[in-house]
Amino acid sequence: MNFFDFYRQDRWPHMFCPGCGIGTVMNAFFHAFVESGLDQNKTVFVAGIGCSGRIPGYIRADSLHTTHGRPIAFAGGIKVADPDLKVVVFSGDGDLGAIGGNHFINACRRNVELTVICINNYIYGMTGGQASTTTPRDFFSSTTPYGNREYPFDLSEVAVAAGANYVARWTTFHVKQMKKAMQKALLKDGFSFVEIASQCPAQFGRYNQMNSARQVFEWLKASAVPRSKASKLSADHLDLNLMGKITVGEFVERNRESYMKALGVLQ
Amino acid sequence: MSKLEPGTYFMQGDEASVEGAIHAGCKFFAGYPITPATEIAERMARRLRQAGGVFLQLEDEITAIAAIIGASWTGTKAMTATSGPGFSLMQENLGYACMTETPIVIVDVQRSGPSTGQPTRAAQGDVMQARWGSHGDYEVIALAPNSVQEMFDLTITAFNLSERYRVPAIVLSDADIGHMRGTFVIPEKVEIVDRKYHTKPVSYNAFAYDENLVPNFPKFGQGHRVHITGLTHDISGYPKTTDAKVHEALVTRLVNKIRLHREDICRAEVINPHADSLVVAYGSPSNSVYEVVNERADVGLFRPITLWPFPEEQLRECAAHARRILVLEMNMGQIYWEVERIARKSPCEKIELLTRLGGDVHTPEEILEKLA
C-alpha cells in the first residue's frame, strides 16, 4: 500500500501550516497502520476539534469529525455498538486536557478498546495560539502575555493513573519509536494512548522566541529525557515541563481486562 | 425475552418507554442518572441485555448523547433518556446529530427548572429548548405523550420518524407521565421503520439526495469510507467552511426535509373540533381537559401530540370555529406563542394562557372557572 492508498489525495494540499509536526505523525501512523495488518474498511477514525481534529478527514476510511473535546465519547459508542470495528481517535491537548478531560480519564478507567493518538503541541494552534492545559510554565501564548503561571497537565501520567493498558510518549524527533509505539497501541487490547510532543511553529514557536519549525523541533529534541533517566532526576523534573523537560518512552504496558470483555459484550 | 408479547401490561410511564424502544429495535442505550428519568436507565440496564443490546452508564449526559450518535453510525438504533439539566448538556451534540443527519432518540422527562429546580416535580419548561436549544438553524421532531400508553407508542414513533428522516427525535415527557403507573396495550402489529441504507460504496456522494431530501445512510464498516463532519459539508461529506452557497443549500435542506413532511410527522388529538371554546393542552395538563369536554359540548380539546414541527394546519382549522382559545401549560408560556401566532388571524376573540408551575397540574374545576 502506498501513502495515497491510505490518505485522500483528492483533499491535497492539506490545511496544516508549513513545518507542523502533524505531517510526521501522519507519516509514522501510515507505516504503523500498514504493518499492523488492520483492515482499512473495518477501521473508523474519530477526531475532535483543532488541528489534530482534521487528520481523519485526510484518511480514506470511515471517519467521524466530532465536537470539541468529545471524540472519545463518540468513539466509545461506535466501538461498543460494533465490536468488529477498530476505532482510532486523533486528538490534541485542547480536546484531551481541557474540554474533554473527563472523557479521557473515564475511558482510561473503563479501559475502552480504543487507540488514542494525541498530538500535543502545547497550545491552541487553530484558534491563534492561546495557552492550553499543557503549555509549559512561564511560556508565552496569546492569552499568557506575561508568561503562563499555571502548572501543566502530564497527559501520559494521567492515562497511566486512570488505568489505560498502554501509554507511550515520544516527540516528532523520535520517528521510529513513535511508529513502533503506534503499532503496539493499535494491536493492544483495551485503551491505548500514544502522546506525541509536536512542534507548532506558527503559534507556539512564534510566541516563544523560536522563529522556525526547526527551532521548535530542536527544543523538543533537547527537552526529551528518556523515562529511565527521568526517574533518577528530582521529583520536579519528573513532572512534564515543570522544568521544561519532556519525559519520553513507554509509560505502561499491562493487560487489565478491557471494557467490552468486562461488560460481556465480547468474550 | 427480547420484546414483550402483545397484551396488556401495568407499569410506569418511564418503563413503558423502555419497552417501546425495545419494540422499535433499540439495541443501544447510554445515559446518566437523573430524576425523574432514572427509571428508564434502570430498566434499560436490565432489559437491553435480554433484548441483545448494550446498556452503558457514562460519565455525563454529553458522553451519553455522543455515544448514541457514535452507535447510530454503526447502524444501531440508539437512545438516551434525561431531564432538563442533562438535556441542557446535550444541546451541542444534538446540533451535531442534526448536522450529520444521525438518527437518535432522546427521552426528556421534564422537571421544574431553571437550573436544578424541583427534581421530582413535573414541568413543561423544555419545550422551546427542544426546538431551539442548539445553536444555528435546524429542525427536530418532538412528541409529547400524556399517558403510559403513549410513553410506549410515542417512543416507537420517535424511533420511526428519526429513522425515516435521519434526524434526532425527542420524546418530551414530564415527571407526572414518566412516574405515572397505568396499563398499556401492546398490539399484535406494530409498524417499525428502518432507515434506508446505501448498499453500494458511496465514498464521493455520501450525502446525495433526491426530492425526498433525505440521503441514504452509509453506515460505518461497509467500505464506504465516508467522512462525516459537523462542519458545513457538500454532498461528498467534505468540509466546505467558507462557501456561502454550500452552507445555504445544506441548512435549507436540513430544515426543509422536516417541513416538507409535516403531514406525515404532525399528530394531534382533537375533541369537539367545532366547539365555541377551544382548550389547547399537551402532556399532563391535557388529562384534566378530558373531564371538561365530557361535561361541556361547547368546549373542545386540541392536543398537539407532535410539538415540533407544530401541527399548524390542524390547529388553524379548529381555531377558525372557536370564539376563544385557552392554552394550558406547566411553564410561563411557550406553546402559547405558537398558538397565538397561528390563531391570531382567525375570528377568535380571546387567546389566553393558564399556567401552573412547581408541578401542580391544572384541575378541571380551574379550567371550567377560567372558561366561565
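Residues numbered from 1 in each chain as written. Chains lettered and ligands numbered in written order. Predicted model: local features only at pLDDT ≥ 70, side-chain atom pairs only at ≥ 80, totals over all residues. Heavy atoms only, no water.

### Considering the confidence of the model for chain A
Item 1. The predicted model of chain A averages 93 in pLDDT, with 94% of residues at 70 or higher.
Item 2. Low pLDDT (under 50) marks residues 235–240 of chain A, which in the prediction has 17 contacts with non-local residues, meaning those over four places away or in another chain. (pLDDT = per-residue confidence, 0-100. Contact = heavy atoms within 4.5 Å.)

### Focus on helix H2 (residues 22–36) of chain A
Counting along an α-helix, one turn takes 3.6 residues, and residues three or four places apart therefore face a common direction.
Residue and element names in this part refer to chain A.
Item 1. Over its 15 residues, H2 runs 20 Å from end to end, which matches the ideal 21 Å to within 8%, given 1.5 Å per residue.
Item 2. Along H2, the residues that are buried comprise Ile22, Val25, Met26, Ala28, Phe29, Phe30, Ala32, Phe33 and Ser36.
Item 3. Elements that come into contact with the buried residues of H2 comprise helix H1 (3–6), strand S1 (43–47), strand S3 (86–92), strand S4 (115–120), helix H7 (175–187) and strand S8 (192–197). (Helix = DSSP H or I, 4+ residues; strand = E, 2+ residues; numbered from the N terminus. Expected span 1.5 Å × (residues − 1). Buried < 20%, exposed > 50% of the residue type's maximum accessible area, 1.4 Å probe, protein only.)

### Some thoughts on empty space enclosed by the protein
Item 1. Throughout the structure, instances matching the rule amount to 2 cavities of 30 Å³ or more.
Item 2. Space inside the largest cavity adds up to approximately 90 Å³.
Item 3. Lining the largest cavity are 13 residues, with Ile72, Gly76, Arg110 and Val112 of chain A together with Leu58 of chain B sitting closest to its centre.
Item 4. Among the secondary structure elements, those contributing two or more residues to the lining of the largest cavity are helix H3 (71–81) and helix H5 (101–110) of chain A together with helix H3 (61–72) of chain B. (1 Å grid on protein atoms, 1.4 Å probe; cavity = no way out; pocket = protein on both sides within 12 Å on 5 of 7 lines; lining within 4 Å. Points joined across faces, edges and corners; volume = space filled by probe spheres on them.)

### Here's the deal with the sheet that holds S4 of chain A
Item 1. The strand order across the open sheet formed by 9 strands is S9(A)-S10(A)-S7(A)-S8(A)-S4(A)-S3(A)-S1(A)-S2(A)-S10(B), and the pairing between neighbours is mixed. What marks the edges here is a single partner per strand, and that holds for strand S9 (224–226) of chain A together with strand S10 (227–229) of chain B. Within the sheet, the average angular offset between the axes of one strand and its neighbour, ignoring direction, is 20 degrees.
Item 2. Where S1 of chain A meets S3 of chain A, 5 bridges bridge the pair, whose relative direction is parallel. When the sheet's bridge partners are listed, threonine 43 of chain A is paired in S3 of chain A with lysine 86 of chain A.
Item 3. Sheet strands touched by H2 of chain A: S1, S3, S4 and S8 of chain A. Its angle to S4 of chain A, the strand with the most contacts, is close to 160 degrees. (Pairing = 2+ DSSP bridges. Axes fitted to C-alpha atoms, helices over the stretch in contact; angles between N-to-C directions.)

### Overview of the interface of chain A and chain B
Item 1. Taken together, the contacts link 36 residues of chain A with 39 residues of chain B.
Item 2. Contact between chain A and chain B buries roughly 3100 Å² in total, counting both sides, with carbon and sulfur atoms accounting for 54%.
Item 3. For chain A, the biggest contributors to the area lost against chain B are Asp62, His65 and Phe74 of chain A; these three give 18% of the whole.
Item 4. For the interface between chain A and chain B, the tally reads 1 salt bridge.
Item 5. Glutamate 59 of chain B is the partner of arginine 110 of chain A in a salt bridge, and the nearest nitrogen-oxygen pair spans 2.8 Å.
Item 6. Viewed at the interface, chain B and chain A are joined by 20 residue pairs in polar contact (both at pLDDT 80 or more).
Item 7. Within the residue set of the side of chain A that touches chain B, elements represented by two or more residues are strand S2 (62–65), H3, H5 and helix H12 (259–263) of chain A.
Item 8. Broken down by element, the residue count for the side of chain A that touches chain B peaks at 6 residues, all from H3 of chain A. (Buried area = accessible area lost by both parts, 1.4 Å probe. Salt bridge = Lys/Arg side-chain N within 4 Å of Asp/Glu carboxyl O. Polar contact = N/O pair within 3.5 Å; in protein donor to acceptor, adjacent residues only side chain to side chain.)

### Some remarks on the packing of helix H1 (residues 13–24) of chain B against helix H2 (residues 38–50) of chain B
Residues and elements named next belong to chain B.
Item 1. Direction vectors running N to C along H1 and H2 enclose 40 degrees, while the axes themselves pass 8 Å from each other. Taken together, the axis directions place H1 and H2 in an arrangement best described as oblique. Here the hand of the crossing between H1 and H2 comes out right-handed. Counting all contacts with H1, which are made through Asp14, Glu15, Ser17, Val18, Glu19, Ala21 and Ile22, the residues of H2 involved are Glu39, Ile40, Arg43, Met44, Arg47 and Leu48.
Item 2. Split into classes, the residues belonging to the contact of H1 with H2 amount to 6 nonpolar, 1 polar and 6 charged. (Parallel < 35°, antiparallel > 145°, perpendicular 65-115°, else oblique. Left-handed = near helix turned anticlockwise from the far one by under 90°. Nonpolar A, V, L, I, M, F, W, Y, C, P; charged D, E, K, R; others polar.)

### Regarding the side chain of arginine 111 of chain B
Residue and element names in this part refer to chain B.
Item 1. By the secondary structure assignment, arginine 111 is in strand S5 (residues 104–112).
Item 2. Buried charge without a salt bridge: arginine 111, with glutamate 61 as the nearest opposite-charge side chain at an N-O distance of 7.8 Å.
Item 3. Within the structure, arginine 111 has its side chain in polar contact with the backbone oxygen of threonine 35 (distance 2.8 Å).
Item 4. One polar contact links the side chain of arginine 111 to the main-chain carbonyl oxygen of threonine 116, over a distance of 3.2 Å.
Item 5. Apart from the residues lying within four places of it in its own chain, the contact partners of arginine 111 are Ile34, Thr35, Pro36, Ser83, Pro85, Thr116, Gln118, Pro119, Arg121 and Ala123. (Lys, Arg positive; Asp, Glu negative; His and termini not counted.)

### Let's talk about the packing of H1 of chain B against helix H6 (residues 148–165) of chain B
All names here are of chain B.
Item 1. As a packed pair, H1 and H6 sit with axes 7 Å apart at the nearest point and diverge in direction by 35 degrees. In this structure, H1 meets H6 at a crossing whose hand is right-handed. Residues Gly13, Asp14, Ala16, Ser17, Glu19, Gly20, Ala21, His23 and Ala24 of H1 form the contact with H6, whose own contacting residues are Val148, Met151, Phe152, Thr155, Ile156 and Phe159.
Item 2. Of the residues belonging to the contact of H1 with H6, the class tally is 8 nonpolar, 5 polar and 2 charged.

### A few points about the pairing of strand S9 (residues 181–186) of chain B
Within a regular beta strand, the side chains point alternately toward one face of the sheet and then the other, so they alternate between its two faces.
Residues and elements named next belong to chain B.
Item 1. Only one face of S9 is buried, namely the one carrying Gly182, Phe184 and Ile186, since none of Arg181, Thr183 and Val185 on the opposite face is buried.
Item 2. Note that strand S1 (residues 7–12) and S9 share 6 bridges and pair antiparallel. Across the sheet, threonine 8 pairs through a bridge with valine 185, a residue of S9.

### A few points about the domain arrangement of chain B
All names here are of chain B.
Item 1. Here the domain parsing of chain B yields domain 1 (7–186) and domain 2 (269–371).
Item 2. Here the C-alpha centroids of domain 1 and domain 2 sit 26 Å apart.
Item 3. Tallying the contact residues gives 27 residues for domain 1 and 24 residues for domain 2.
Item 4. Summing both partners gives a buried area of about 1900 Å² for domain 1 against domain 2, and 49% of it is carried by carbon and sulfur.
Item 5. If you look at where domain 1 meets domain 2, you find 2 salt bridges.
Item 6. Across the pair glutamate 150 and arginine 303 runs a salt bridge, and its minimum N-O distance is 2.8 Å.
Item 7. Counting across the domain 1 and domain 2 interface gives 19 residue pairs in polar contact (both at pLDDT 80 or more).
Item 8. Broken down by secondary-structure element, the contributors of at least two residues to the side of domain 1 that touches domain 2 are strand S6 (118–122), helix H5 (127–132), strand S7 (141–143), H6, strand S8 (168–174) and helix H7 (175–179). (Domains from an automatic or database assignment.)

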